[in-house]
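Below are the chains, spelled out letter by letter.
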Amino acid sequence: MPAFVPQPLSKELHEELGSSIRGQVYLRDDTEFVEYSSIFNGNVVCVARAVACPLDAEDVSKIILFCAKHSLSPSIKAGGYGTGGWAIGGDIIVDLSKFVEIGIEAPLDGGGYTSLRDQDEANRKANENGPSGKRRREEDTALRFYDAASEQVANFLRGPHRVGWDLPQPVRRRVEEQTPIFDSERRGASQPSTTIVPSNQLPPTQSSRSPPAQSLPVVGGDPFGYLDAPVISQLPPSVTQSAYTPPTRPDPLTSRSGTVVNPQLPSVQRNLASETQPIYPHAYVTFGAGMRQKEIDTYTAKHPLEGRSIIAGPNATIPYHVPFAAHPGGSGVVLLGGFGFLSRLHGLSIDNLVEVEMVTADGKVIIVNEHEYPDLWWALRGAGPALGVVTRYKAKAFPVPRFHRATAPSLIRHFRDCFKGAPRELYANVILTAGPEGKDSLVVVQMCYVGPKDKGQEYLLALSSWDGERCLLNEVHEKSFLHQQDSVAQVLRGKRGRQWFIRSALITSLPDEIINETVLKFADTPVGCTWLFECAGGAIVDFEDNCVPKSQRESSFTIAALHQWEMEVDDDRCIDAAEEWIRDSLKSVQSGGPFPSFLGRHEPAQRTIGCYGNNWQRLVDVKRKYDPKNVFRNSLWPLDAALEPCDPRTHEPPTPHHLKFGH
C-alpha cells in the first residue's frame, strides 16, 4: 500500500499552540519530534503533525481545547509501550514524559491519604528543564536491562556478557540440534523457582524468512539482541532490605490452613533472628503519568517505610510496592488492568488506585475518586484512556519481602495440577518460548511466593517432582521485588523497534486436550514467539467496584501470545499463529475478552467489548456523558462518535507501507 503522508501543522496553528502552553511544541521536521514520537512497536507509522510536551494539567487542558477548536485529534503518550500504536495515532501527540513527580507516604490516622488536590502547589512547580526526548529514550533503554533478575538465566539464554551483543541482530532460523548439557554449576540449586526444560521432542519449528543479505553480522551470543544498555539495575548499598512475614489468614481458595512457598521471591538473604514486621498495612504512592513502572518500583525500593524489629530496633525498614504488571510498561497500564506478581495477593493495578488527576474532553481539570465523579471513577479503572487524560495517580502500595511433543504437555499439566487451590501469596506461570538461536523451544516455569521462605516447600517440591524431561536450569533464591519484576521480561527478550503483535484471553480452565493442541500449534511458530500461561484468581475476584467485571475476574488463567520479529520480515505466521491459538484453540474455555491491559493492535471491536462483559452498556453511558464527541478515540475504544463498532484501523496509526496492512 502507498506510504501515508501526514499534513504539516501550519505556522499559525503552531504559534497558537506554542504560545498557549508552558511546555514545548515540536513539528515533524524538528529533531526532538522523532525522540518524542517513537514507541516500542516498530511496525507503527507516526501520523502526527506535532508533539506537545505539557508541564502540568493546565497545559494538557489547553492542548485538548486547541484540538477541539481546530478539529484535530489528540493522542496520549505516557510510556509508548502499547502495541496498538494509539499513543501516536492522533494529529497532536500529547507527550506526558515531563510528569515525573513521585512520592510515598504512610497512611494518615484512620487509614486515609493526602489528596492530590492538597499536593497541587508542589505539582505547579514542574521542572521546566525536565529530561529531553533523547535523554528519556536513553533512560528507557537502560530500564530494559534485565540481568539483575537472574544472572544464571541471563547466561543460559545469552551466554556470559560480551561487548557488542546488544547491537542489532538479524533474524535467525532455529536449528534443530541436540540441546547441550549444562554443568552442575550452571544448573544452580536443585529445587527450581525458575525451571527451564527443553521441548526438543516437539516437531521441528519454523522460522521467519531471512532478512536481506545486508543485515548486520551477528555479534555476541544473544539470539534476539533484546537488551540495549549494559547497565544493571542494582539497589544502592544504603538500602536496607529485610524479611517480612505477611499476616496469616484463611485461604479462600482451599480448606487447608497452611501456606507454601517457592523461593524465587521478592526476598534477599535474610537474618532468621530478625523478622521485620510492617507498621502499616499499606502505603500510598503518588506518581506522575510520565513515570514508568520500573522507575516507580526503583523509587519505592529506595524509600522504604519504618518497620518493627527486635534486632534492628528503630532502624528497621521495609519496602512497599504498588501491584503493577511486570514491566516494561508506562503508567497507562494502571488504567487498563495491570496483572502481575502481586495480583493474586492484592488485586489488579486498577483495584489499588485511590485517586487521579484527570483532564476531560471539555478541558476541565478534575480530581476523581470514589466520592468525586463516582461514575467516572468506576469507568476509568479499566477504560481510562478512552475517557480522558490522567496526569497524576495515587495508588496503594503494600509491604513486600526483601529477602518435547510428549513431555511439554506433561509439564504444563503438572504445572496446572500443582497450583490448584494455591494460596494468594503464590504467583506462577509457564512460558513457551521459541529459541534461543541454535536451540529448540524452551518451557520455562516461574514461581514467586510473597512471604517467608520456610512456608512453601510443599509447592516447590511438588513442581520438582515432575520427571518427564531433563531440566536444563534450576534456579532457586530469594530476591528483591525490584529484581523479581524483571524475571518475565528477561525470558521474553523483548526489543524496542521490532514488530510486535499481542493477543490474550482469560480462560476458566485448562483441559488436557487444549494443552495438547497448544503444544502442537506452538511447534510451528516462528522465532520470537512466546506463549504465556499465568495463574489468575486470588484477590482479583474481591473487587467489583470498577468496570472490569466479575465474569473476567473469576477466570483461572490469563493467557497471552507475545510475538516479536524483525522489521525486515513479513511473515503471516507471526500474526496468524497468535490469532488462531487465542481465537480458535481456546474458544471453548474463554471468559470473554482479556484484561484490557493485554489488548493489542487491530483488535476486533467485539473482543474489546468482551473485556467488560455485562458492564459494557454502563461504560458506554459514561463515555457518552464525559466524551460525547469521541475526542479520545485514539485509544482502545472500539466505537465511533455515533457509538457504532468501527474498524480498529480507523483509530490506530498505519503500518509501514512495505508491510502487509493486516500487520
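Structure first, text after, so check above.
Owing to the predicted nature of the structure, the values given are computational and were not obtained by experimental measurement. (Residues numbered from 1 in each chain as written. Predicted model: local features only at pLDDT ≥ 70, side-chain atom pairs only at ≥ 80, totals over all residues. Heavy atoms only, no water.)

S.K.: Is there a simple way to explain the overall build of the chain in this structure?
M.R.: A tally of helices and strands in the chain yields 19 helices and 22 strands. Of all 663 residues assigned to the chain, the portion counted as buried reaches 63%. For the chain, the exposed area adds up to about 24300 Å²; of that, 52% sits on carbon and sulfur atoms. (Helix = DSSP H or I, 4+ residues; strand = E, 2+ residues; numbered from the N terminus. Buried < 20%, exposed > 50% of the residue type's maximum accessible area, 1.4 Å probe, protein only. Areas by Shrake-Rupley, 256 points an atom, 1.4 Å probe, with all protein chains shown as cover.)

S.K.: Please explain the sheet that holds strand β11 (residues 317-318) as it appears in this structure.
M.R.: Each strand in a sheet pairs with another by means of backbone hydrogen bonds, the pair being arranged parallel or else antiparallel. Read from one edge to the other, the open sheet built from 3 strands follows the order β8-β10-β11, with strand pairing classed as antiparallel. Whereas interior strands pair on both sides, the edge strands pair on one side only; in this sheet they are β8 (277-278) and β11. As paired strands, strand β10 (residues 305-308) and β11 are joined by 2 bridges and run antiparallel to one another. Note on β11: the bridge partner recorded for Glu 306 is Thr 317. (Pairing = 2+ DSSP bridges.)

S.K.: How should the packing of helix α10 (residues 374-383) against helix α19 (residues 616-626) be read in this particular structure?
M.R.: The geometry of a pair of packed helices is captured by two quantities: the angle between their axes and the separation between those axes. At a minimum axis distance of 10 Å, the contact between α10 and α19 shows a crossing angle of 110°. By the angle between their axes, α10 is roughly perpendicular relative to α19. For the pair α10 and α19, contact is made by Asp 375, Leu 376, Trp 378, Ala 379 and Ala 383 and by Arg 618, Leu 619, Val 622, Lys 625 and Tyr 626, respectively. By residue class, the composition of the contact of α10 with α19 is 7 nonpolar, no polar and 3 charged. (Axes fitted to C-alpha atoms, helices over the stretch in contact; angles between N-to-C directions. Parallel < 35°, antiparallel > 145°, perpendicular 65-115°, else oblique. Contact = heavy atoms within 4.5 Å. Nonpolar A, V, L, I, M, F, W, Y, C, P; charged D, E, K, R; others polar.)

S.K.: Explain the environment of Arg 49 to me, please; I cannot follow it from the model alone.
M.R.: Looking at the secondary structure, you find Arg 49 in the loop between α2 (31-37) and β2 (50-53). Separated by 42 residues in sequence, Arg 49 and Gln 7 place their C-alpha atoms 6.6 Å apart. Polar side-chain contacts of Arg 49 include one of 3.5 Å to the backbone oxygen of Gln 7. (Polar contact = N/O pair within 3.5 Å; in protein donor to acceptor, adjacent residues only side chain to side chain.)

S.K.: Sorry if this is basic, but what is going on with α10 here?
M.R.: Residue pairs spaced three or four apart in an α-helix point in one direction, given the helix's 3.6 residues per turn. Within α10, 8 of the 10 residues are buried, which leaves it mostly tucked inside the rest of the structure. Inspection of α10 places Leu 376, Trp 377, Trp 378, Ala 379, Leu 380, Arg 381, Gly 382 and Ala 383 among the buried residues, and these make up the whole buried set. Along its buried surface, α10 packs onto β13 (353-359), β14 (365-368) and α19.

S.K.: Teacher, can you tell me more about the environment of Gly 80 here?
M.R.: In this fold, Gly 80 is placed in the loop between β3 (74-77) and β4 (92-95). Between the alpha carbons of Gly 80 and Asn 41 there is a distance of 8.4 Å; along the sequence they are 39 residues apart. Discounting residues that sit within four places of it in the chain, Gly 80 has contacts with Ile 39 and Phe 40.

S.K.: Please clarify how the packing of aromatic side chains should be interpreted in this entry.
M.R.: What describes a pair of aromatic rings is the distance from one ring centre to the other and the angle between the planes of the rings. Following the criterion strictly, the structure yields 13 aromatic pairs and no others. Geometrically, the ring pair formed by Phe 287 and Phe 324 is edge-to-face, given 6.0 Å between the ring centres and 75° between the ring planes. Of this pair, Phe 287 sits in strand β9 (residues 283-288) while Phe 324 sits in the loop between β12 (320-321) and α9 (343-346), and the two are 37 residues apart along the sequence. The two residues Phe 287 and Phe 324 agree in class, both being buried. Seen from their ring centres, Phe 339 and Tyr 427 are 6.4 Å apart, and the 45° between their planes marks the pair as tilted. No difference in accessibility class separates Phe 339 from Tyr 427, as the two residues are buried. (Phe/Tyr/Trp six-rings, centres within 6.5 Å; stacked < 30°, edge-to-face > 60°.)

S.K.: How should I be thinking about the pairing of β4 in this particular structure?
M.R.: Two faces belong to every sheet, and in a regular strand the side chains alternate between them. Alternating positions in β4 separate into two faces, Ile 92 and Val 94 on one and Ile 93 and Asp 95 on the other, with burial throughout. Bridge analysis of β2 against β4 gives 3 bridges, and the strand direction is parallel. Its bridge partner being in β4, Val 51 is matched across the sheet by Ile 93. Bridge analysis of β3 against β4 gives 4 bridges, and the strand direction is parallel. Bridged to Pro 74 within β4 is Ile 92.

S.K.: Got a minute to help me understand the pairing of strand β21 (residues 529-535) in this structure?
M.R.: Taking burial as the measure, the 7 residues of β21 include 7 buried ones, the bulk of the element. What you see with β21 is no split at all: Cys 529, Trp 531, Phe 533 and Cys 535 on one side and Thr 530, Leu 532 and Glu 534 on the other are buried throughout. By the bridge criterion, 5 bridges tie strand β16 (residues 426-433) to β21 in an arrangement that is antiparallel. From the neighbouring strand, Asn 429 faces β21, where its bridge partner is Glu 534. Here β21 runs beside strand β22 (residues 557-565); their pairing, made up of 7 bridges, is antiparallel. For Phe 533, the partnering residue across the bridge sits in β22 and is Ile 559.

S.K.: Help me understand unusual backbone geometry in this model?
M.R.: Residues other than glycine predominantly adopt negative phi, and peptide bonds predominantly adopt the trans conformation. Positive phi is not limited to glycine here, since Ser 71 has a value of about 55°. Tracing the sequence through the fold places Ser 71 in the loop between α3 (57-69) and β3. Classification of Ser 71 by relative accessible area gives exposed; the value is 65%. Here Asn 630, not a glycine, exhibits a phi torsion of approximately 60°, which is positive. Checked against the element boundaries, Asn 630 lands in the segment after α19.

S.K.: Just checking my understanding: could you explain the environment of Arg 649 for this structure?
M.R.: Here Arg 649 lies in the segment after α19. Residue class for Arg 649 comes out partly exposed when judged on its relative accessible area of 29%. Separated by 48 residues in the primary sequence, Arg 649 and Arg 601 place their C-alpha atoms 8.7 Å from one another.

S.K.: For this particular structure, what's the right way to read the state of the cysteines?
M.R.: Each disulfide consists of a covalent bond between the sulfur atoms of two cysteine residues. Here the structure, examined in full by the defined rule, presents 0 disulfides. Cysteine Cys 611 shares no disulfide, and the gap to the nearest cysteine sulfur, in Cys 547, comes to 9.5 Å. (Disulfide = S-S within 2.5 Å.)

S.K.: Quick question: what am I supposed to make of the sheet that holds β3 here?
M.R.: Taken together, the 4 strands give an open sheet; going across it, the order is β1-β2-β4-β3, and neighbouring strands pair in mixed fashion. Of all strands in the sheet, those bounded by a partner on one side alone are β1 (24-27) and β3. Taken over all neighbouring pairs, the strand axes of this sheet differ in orientation by 25° on average, direction set aside. Strands β1, β2 and β4 of the sheet are contacted by helix α1 (residues 11-20), whose axis makes an angle of about 160° with β1. Sitting on the sheet, α3 touches β2, β3 and β4, and the angle it makes with β4 is about 170°.

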